[in-house]
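Observations on chain architecture
Here is what each chain is made of, one letter per residue.
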Amino acid sequence: FLRQQDKAGFRKRFSADKGAPSPATEPEPEPVPIMMAPTTLTQGRARRVAKAVGARGPAACPSRPTRTPSSSFLAARRNGRALPTDRTLRAGPLVMSVRRPLPAPRAGSSSAASSPSSEEEGGMSQTAVLGVMFGLWYFFNIFFNIYNKQVLKAFRFPMSCTELQFIVGSCLALFVWVTGIHKRPKITKKQLLTILPLACVHTLGNVLTNVSLGKVAVSFTHTIKAMEPFFSVVMSAAFLGDVAPPAVVLTLVPIVGGVALASATEASFNWAGFVAAMGSNLTFQSRNVLSKKFMQGMDQGGEKLDNINLFSVITMMSAVLLLPVALSLEGFQFAPSNLQAMGLDPSLIYKRALFAAVCFHSYQQVSYMILQRVSPVTHSIGNCVKRVVVIVSSVVVFQTPVSMLNGVGTAIALSGVFAYSQVKRLAGKKKA
């Protein structure tokens, strides 16, 4: 009976209020504080609750006790303000209010704040890795030249030493492929035929290098090999049609003049070592030119081979090509009986020859890894610095006598190589 009376009184007072807006045209009320149990109440649900309470009144829920709307409720209805609810749960201190959601953070604000530091850390780590690679490149190259020279001074069979280096390099390449350190390539018969000329000149170049190291000092061999830019310009113009600009040609003058001065004043000079070193320059630059043509052929439809896999395949093919030639011309000289007949310690020769072979393959693999991370000009500058380090190290280790003119000629030749690299770098920037 009381509930019916309350409903009748509410209808009478509500109908008397003609100035109140209808629920359909009434502006959407803002979410109001609602005292509730500790549950999650979304903003949309709070609006629906407020609308239901404002439109139908508390009596819309007959299962719960209601009270007559207060004067504040009716005043709010007249003025269009937010509706206070008459039903309030006084259940304790747990009072929750419906709040607007916090504005979402700007996209990338935190990442933008942390991106400079992450980029700096990534740059520092890449620089550290590159520095370690350059250090390993120099380390393996220095010890290859030192131990290889020690073996060739006592064991004068350069083909046998070169064949051992190819065999050890092939085993290391297979180990890298089997263990998954580097992805094994899929070689076709057509690719093998294309790589065959590269393997031939690679084999000849390494044999001539070992012949030169056995005949003359390490420092003089590397001074002669500083003429690689000269042969590179000549071979590129002859086979690729790349004519060097005048500035590049001018840098070849100090290279040729420095090598000539160093050769004229070299104490260990002999023509066999000089011609062998020049021949190695010619063959290695021919290999580089053929490698460019091979890569261009792969870009035109063949499967690509990266520098590391290409070098590994060339090493294996060189081992196969040189083996019959070395056995026919020099025989199997690494037999213990032959070494003892020469008055040599077999274990000592084996250790030094194997270590030189490991360093030989390792420094070339690291060189190709560096080439994949830096530009060819940067790699060329690093190679120039490496040659200086090798020359100085060999002079210190072997106590090679160096005259004033010989040192000046070597310095001029290496300065020309450095100038050549810088001019190439500037020419590359202009093209870009």
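Keep in mind the model is a prediction, meaning the values are calculated, not measured.

**Quick look at the side chain of S393**
For S393, the position within the fold is in helix α14 (residues 376-398). Residue class for S393 comes out buried when judged on its relative accessible area of 18%. Here V389 takes part through its backbone oxygen, which lies 2.7 Å from a polar atom of the side chain of S393.

**A look at unusual backbone geometry**
One non-glycine residue, Q399, lies in the positive phi region at around 55°. The topology assignment puts Q399 in the loop between α14 and α15 (404-431). Overall, the relative accessible area of 67% leaves Q399 in the exposed class.

**What to know about empty space enclosed by the protein**
Counted according to the given criterion, the structure contains two cavities of 30 Å³ or more. One number sums up the size of the largest cavity: a volume of about 40 Å³. Put simply, the parts of the chain that give the lining of the largest cavity at least two residues each are α4 (109-154), α5 (158-178) and α13 (346-373). Per-element tally for the lining of the largest cavity: the top contributor is α5, with three residues. Here the residues of the lining of the largest cavity are counted per class, giving five nonpolar, two polar and no charged.

**Some words on the confidence of the model for the protein**
In the predicted model, the protein carries a mean pLDDT of 77, and 68% of its residues have values of at least 70. Strand β2 (residues 96-97) is the least confidently modelled element of the protein, averaging 45 in pLDDT, while α5 averages 94, the highest of any element. For residues 58-66, every residue scores under 50 in pLDDT, and the model assigns this stretch ten contacts once sequence neighbours within four places are set aside.

**A word on the packing of aromatic side chains**
Evaluation of the coordinates by the stated rule reveals 20 aromatic pairs. Ring geometry for F220 against F269: centres 5.8 Å apart, planes inclined by 70°, an arrangement best described as edge-to-face. A residue pair is termed long-range when its members are at least 10 positions apart, and F220 in helix α7 (residues 218-224) and F269 in the loop between α9 (246-264) and α10 (271-299) qualify at 49 residues. Here F220 falls in the buried class, since its relative accessible area comes to 1%. One aromatic cluster is present, formed by F139, F140, F143, Y147 and F355 through successive ring pairs.

**Quick notes on the pattern of salt bridges**
Between side chains of opposite charge, pairing is possible as soon as their charged atoms come close. This model, assessed by the stated rule, comprises two salt bridges. Two residues, K225 and E228, come together in a salt bridge whose shortest N-O distance is 4.0 Å. Taking relative accessible area as the criterion, E228 reaches 16% and is therefore assigned buried. Residue R387 is joined to E228 by a salt bridge in which the shortest nitrogen-to-oxygen separation is 3.5 Å. Here the residue R387 occupies a position in helix α14, and E228 occupies one in helix α8 (residues 228-240), the gap between them amounting to 159 residues. What emerges from the salt-bridge pattern is a single network uniting K225, E228 and R387.

Rules used throughout
- Residues numbered from 1 in each chain as written.
- Predicted model: local features only at pLDDT ≥ 70, side-chain atom pairs only at ≥ 80, totals over all residues.
- Heavy atoms only, no water.
- Helix = DSSP H or I, 4+ residues; strand = E, 2+ residues; numbered from the N terminus.
- Buried < 20%, exposed > 50% of the residue type's maximum accessible area, 1.4 Å probe, protein only.
- Polar contact = N/O pair within 3.5 Å; in protein donor to acceptor, adjacent residues only side chain to side chain.
- 1 Å grid on protein atoms, 1.4 Å probe; cavity = no way out; pocket = protein on both sides within 12 Å on 5 of 7 lines; lining within 4 Å.
- Points joined across faces, edges and corners; volume = space filled by probe spheres on them.
- Nonpolar A, V, L, I, M, F, W, Y, C, P; charged D, E, K, R; others polar.
- pLDDT = per-residue confidence, 0-100.
- Contact = heavy atoms within 4.5 Å.
- Phe/Tyr/Trp six-rings, centres within 6.5 Å; stacked < 30°, edge-to-face > 60°.
- Salt bridge = Lys/Arg side-chain N within 4 Å of Asp/Glu carboxyl O.

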